[in-house]
Amino acid sequence: MLLLMAMGRQTITAQDYRGASLLYNGLIGAVSGGVGSVINKHKGQKWYKAFAKGFAVGAGGGMIMYGGKRINSLISVKSELSYGYLSRFVFDMGNSIVENAAANRNFWEVVHYDVGFIRLELETTKLRFRPRLMASTFLGTVFLATQGRFDVPTSLASGTPTFRTRTISYAPRLNGSTLTNGFLLNDTLRHNLFFYDIYAHEMVHTFQFRELAGINQFFNPLKTKWKERSTWYAKLSPWIYGDLNYELYGLNYFLINGGPEGKHYCRNFLENEAEYLSTERNACDFKAH
Ligand SMILES: [Zn+2]
């Protein structure tokens, strides 16, 4: 991952970034899948067998996550927000596979699709459907709601909560900002080419916020213990999903990538991934953020 972060040179082409992004997403899936699978290893299962299975399945899921991110370019190329539903579906299927790999389950066992702060979850083996509240995403969305007005038509068109404001109070230089699974956009951004480019870029950020979801499954043995010890936790846990991936993305973005201010922005892998995958430009050519 660190090797990929070092790639933020301006001479790198869009094609290089697509390759790096495919590798980055594949590796995230593989490593979180492999490690998670060992943590959640079955009784009698050899740890290296659990790791190999989780690594391989997770790599496949990660590459599908890359495909979902890449589909966001259609929003910008076709000037059409509804491609957001397609990109989200593909990404979420990849993300589900990575989570299943990390939980040491069959890759199809639990499938989810996230709408705002609600995770629509289907356990395919039991055909049990549940909407679950994602705790960190909920708090992030509440914060966005305090910063702007809910833009209903845009949110429905893209399948992603979008808020509007005159100026983004915590980052006045920016036209758009992504927090967890929602956006805060400037009022000045109207439906022109610039708008679709920014929207596609921000969509990649919401996916980056979720790419580390496999790590949520590392806590499964701990959760099983909590369920045994607390009836309160056992009753609540099916309806609430601990989405630590959002905090982990924050660490990845600010600590490893040194974003978002100043010279680091241009070298930030996550900013370049968002911009190259959505518009094939370098992050520094166009400061959407
Ligand atoms: Zn950005």
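The paragraphs below set out a description of the structure included in this document. (Residues numbered from 1 in each chain as written. Predicted model: local features only at pLDDT ≥ 70, side-chain atom pairs only at ≥ 80, totals over all residues. Heavy atoms only, no water.)

Let's talk about the overall build of the protein chain
A count of helices and strands for the protein chain gives 13 helices and eight strands. Computed over its C-alpha atoms, the radius of gyration of the protein chain comes to 19 Å, within 12% of the 19 Å expected for a compact globule of 289 residues. Structurally, the protein chain occupies a C-alpha span of about 55 × 40 × 30 Å along its principal axes. Accessible area of the protein chain: about 13200 Å², with a carbon and sulfur share of 67%. One finds the centroid of the 32 positive side-chain charges in the protein chain at a distance of 8 Å from the centroid of its 22 negative side-chain charges. (Helix = DSSP H or I, 4+ residues; strand = E, 2+ residues; numbered from the N terminus. Rg over C-alpha atoms; globule rule 2.2 N^0.38 Å. Areas by Shrake-Rupley, 256 points an atom, 1.4 Å probe, with all protein chains shown as cover. Lys, Arg positive; Asp, Glu negative; His and termini not counted. Charge placed at Lys NZ, Arg CZ, Asp CG, Glu CD.)

Some details on the pattern of salt bridges
The tally for this structure, following the rule as stated, stands at 13 salt bridges. Between glutamate 273 and lysine 69 there is a salt bridge, with the nearest N and O atoms lying 3.1 Å from each other. Placement of glutamate 273 in helix α13 (residues 269-279) and of lysine 69 in helix α3 (residues 47-71) is noted, with a sequence separation of 204 residues between them. Residue glutamate 273 shares its accessibility class with lysine 69, and that shared class is buried. Ionic contacts of the salt-bridge type, sharing partners, join the residues Glu99, Arg119, Glu121 and Arg132 into one network. (Salt bridge = Lys/Arg side-chain N within 4 Å of Asp/Glu carboxyl O. Buried < 20%, exposed > 50% of the residue type's maximum accessible area, 1.4 Å probe, protein only.)

Re the layout of surface pockets
One number sums up the size of the largest pocket: a volume of about 830 Å³. If you trace the largest pocket, you find 30 residues lining it, with Arg132, Asn220, Lys223, Lys227 and Ser237 closest to the centre. Taken together, the elements giving at least two residues each to the lining of the largest pocket come down to β2 (118-123), β3 (128-134), α9 (220-229), α10 (231-236) and β8 (240-241). Counting residues per element, the lining of the largest pocket draws most heavily on α9, at six residues. Counted by class, the lining of the largest pocket contains 11 nonpolar, seven polar and 12 charged residues. (1 Å grid on protein atoms, 1.4 Å probe; cavity = no way out; pocket = protein on both sides within 12 Å on 5 of 7 lines; lining within 4 Å. Points joined across faces, edges and corners; volume = space filled by probe spheres on them. Nonpolar A, V, L, I, M, F, W, Y, C, P; charged D, E, K, R; others polar.)

A look at a nonpolar patch on the surface
The grouping of Leu23, Leu27, Val31, Val35, Ile39 and Phe55 at the surface amounts to a nonpolar patch, some 450 Å² of accessible area in total. Broken down by element, the nonpolar patch gets its largest block of residues, five residues, from helix α2 (residues 14-39). If you trace the backbone, valine 35 turns up in helix α2. Residue classification places valine 35 among the partly exposed residues on the basis of a relative accessible area of 33%. (Patch = residues over 30% accessible without salt bridge, like charges linked within 9 Å, V, L, I, M, F, W, Y side chains within 5 Å.)

Structural notes on helix α5 (residues 83-102)
With 20 residues, α5 extends 29 Å from end C-alpha to end C-alpha; this agrees with the ideal 28 Å at 1.5 Å per step. With respect to burial, α5 is a largely interior element, 14 of its 20 residues being buried. Downstream of α5 by a residue or two, asparagine 104 has a phi angle that is positive, lying close to 60 degrees. (Expected span 1.5 Å × (residues − 1).)

Here's the deal with empty space enclosed by the protein
The final tally for this structure, using the stated rule, is one cavity of 30 Å³ or more. Counted as a void, the largest cavity has a volume near 50 Å³. Forming the boundary of the largest cavity are Asn95, Glu99, His112, Asp114, Arg119, Met134, Arg210, Ala213, Tyr241, Asp243, Asn245 and Tyr246. Breaking the lining of the largest cavity down by element, the ones donating at least two residues are α5, β1 (110-115) and α11 (245-256). Residue composition of the lining of the largest cavity, grouped by class: four nonpolar, three polar and five charged.

Focus: the sheet that holds strand β6 (residues 176-179)
Across the sheet, which stays open at both edges, the four strands sit in the order β4-β5-β7-β6 with mixed pairing between neighbours. In this open sheet, the two edge strands, each paired with only one partner strand, are β4 (149-150) and β6. Relative to strand β5 (residues 162-165), β4 runs antiparallel, the two being bridged by two bridges. Within β5, the residue paired with phenylalanine 150 across the bridge is phenylalanine 163. (Pairing = 2+ DSSP bridges.)

Some points on unusual backbone geometry
At leucine 127, a residue that is not glycine, the phi angle is positive and equals roughly 50 degrees. Using a relative accessible area of 71% as the deciding quantity, one classes leucine 127 as exposed. Phi at threonine 180 is positive, roughly 45 degrees, even though this residue is not glycine. The residue threonine 180 is located in the loop between β6 and β7 (182-186) in this model. For threonine 180, a relative accessible area of 4% puts it in the buried group.

Worth remembering: the numbers are spatial, not functional.
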